[in-house]
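Residues per chain, in single letters:
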Amino acid sequence: MAGPEQGRGRVRTRAGTERRGSGTPGGPAPAAAGEVTAAVAGEHEDPQCLAPGEAAGLLAGAGWRRAVVLGDSTTESTGMTVVPGWARATWTDRVAAALRETDPQFACLHPRGRRDLPLSHIRSTQLGDALGFAGDLAFLTCGGPELRAQSFDPDAMELELSRILSALRGATCQVVLVVSPFDLTRTGQVPAGRLTAVRARQRLLAERIESVALRHGCVHVDLAAHEGASSADLWSARPWRLSSRGHAVAAAAVVRTLGGLPGTR
């Protein structure tokens, strides 16, 4: 099993560097997380985003030291539309930066994702590296590819999700957050004739994810429940990618969820 410097991913460290690899360690490169701490007025005035100092207060008692992110390319910055006033940083980089405030040695492994990566492929291509990293915290983004597919088998999705969560919880992960997407019907990218079907599918998917997460002692963060009335600028011009504001809102939802867990304060 590959170690943290040998998987198909990157490990972010205190110095703001990352290690990339595909069998052998790569050299350090600048990390995008450095932009997270920039003073950006739009974010600071947005109640759906983290206020200055809010994350530090919420995570003051957090004891996590190593995290892993699993999922598809929606967690990446490629194709991100930058909304004026919101920093160009992914939600995973934002959350890692917040956790690094409580522990400068905090490390995060983020395997490279591909667009439209369903749960079965996440399990076969990323889970091994995640388990090898031996993190105590995990984030799993899922649901988008299943929602956009021509057909949707909720039982098959539930089985794959259960396999992933069972493996993570059976290893070293004390806390696993399953993050499902914002409302896809509000992206402007779903054909009018499919809006009703996609809306119903997303409700069903959220219910199934919630059920599986509870069964394994995990936590479900349904971003569709956090987007509020103003959601048009959560998405990028590139299909199915979050904008800088979308990433900021997602990060706030995740950090606030972590801050509400027992033992974090």
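All values derive from a computational prediction rather than experimental measurement. (Residues numbered from 1 in each chain as written. Predicted model: local features only at pLDDT ≥ 70, side-chain atom pairs only at ≥ 80, totals over all residues. Heavy atoms only, no water.)

## Points about the packing of aromatic side chains
Scanning the entire structure with this criterion turns up two aromatic pairs. Where Trp91 meets Phe139, the ring centres are 6.0 Å apart and the plane angle is 90°; that geometry is what we call edge-to-face. Here the residue Trp91 occupies a position in helix α3 (residues 91–102), and Phe139 occupies one in strand β6 (residues 137–141), the gap between them amounting to 48 residues. By the burial criterion, Trp91 is buried, and Phe139 matches it. Seen from their ring centres, Phe182 and Trp235 are 6.4 Å apart, and the 80° between their planes marks the pair as edge-to-face. Taken together, the residues Phe182 in the loop between β7 (175–180) and α8 (195–215) and Trp235 in the loop between β8 (219–222) and α9 (244–259) connect sequence positions 53 residues apart. Like Trp235, Phe182 is buried. Directly above the ring of Phe133 sits Arg66, whose terminal nitrogen or CZ lies 4.0 Å from the centroid. (Phe/Tyr/Trp six-rings, centres within 6.5 Å; stacked < 30°, edge-to-face > 60°. Helix = DSSP H or I, 4+ residues; strand = E, 2+ residues; numbered from the N terminus. Buried < 20%, exposed > 50% of the residue type's maximum accessible area, 1.4 Å probe, protein only. Lys NZ or Arg CZ within 6 Å of the ring centre and 35° of its normal.)

## Brief notes about the nonpolar core
One finds Phe139 and Leu258 to be the most contacted residues of the largest nonpolar core, which totals 71 residues. If one sorts the elements of this core by residue count, α9 sits on top with nine residues. Aside from chain neighbours lying at most four places away, what touches Phe139 is Ala67, Val68, Val69, Leu70, Trp91, Val95, Leu177, Val254 and Leu258. (Core = buried A, V, L, I, M, F, W, Y, C linked by side-chain atoms within 4.5 Å. Contact = heavy atoms within 4.5 Å.)

## Regarding empty space enclosed by the protein
Counted according to the given criterion, the structure contains one cavity of 30 Å³ or more. Considering only enclosed or pocket space, the largest cavity measures out at about 190 Å³ in volume. Lining the largest cavity are 17 residues, and of these Thr74, Ser180, Pro181, Leu223 and Leu242 sit closest to its centre. Elements represented by at least two residues in the lining of the largest cavity include exactly α6 (144–148) and β7. In terms of residue class, the lining of the largest cavity is built from eleven nonpolar, four polar and two charged. (1 Å grid on protein atoms, 1.4 Å probe; cavity = no way out; pocket = protein on both sides within 12 Å on 5 of 7 lines; lining within 4 Å. Points joined across faces, edges and corners; volume = space filled by probe spheres on them. Nonpolar A, V, L, I, M, F, W, Y, C, P; charged D, E, K, R; others polar.)

## Structural notes on the state of the cysteines
Counting across every chain of the model gives zero disulfides. Cys218 provides the cysteine sulfur closest to Cys173, a residue in no disulfide bond, and the two sulfurs are 8.8 Å apart. According to the relative accessible area criterion, Cys173 is buried, its value standing at 4%. (Disulfide = S-S within 2.5 Å.)

## Re the pairing of β8
Pairing of β7 with β8, which is carried by four bridges, proceeds in the parallel orientation. Looking at β8, one finds that Leu177 is bridged to Val219. Note on the crossover from β7 through α8 to β8: the handedness is right-handed. (Pairing = 2+ DSSP bridges. Right-handed = clockwise from strand over helix to strand, strands pointing away.)

## Quick notes on the confidence of the model for the protein
Summarising the model, the protein shows a mean pLDDT of 83, and 82% of its residues fall at 70 or more. Of all helices and strands in the protein, the one with the weakest mean pLDDT is strand β3 (residues 29–30) (32), whereas β8 scores best (98). Every residue in residues 1–9 scores below 50 in pLDDT, and together they form 30 contacts with partners more than four places removed in sequence or on other chains. The model gives residues 12–35 a pLDDT under 50, and that stretch makes 49 contacts with residues more than four places away or in other chains. (pLDDT = per-residue confidence, 0-100.)

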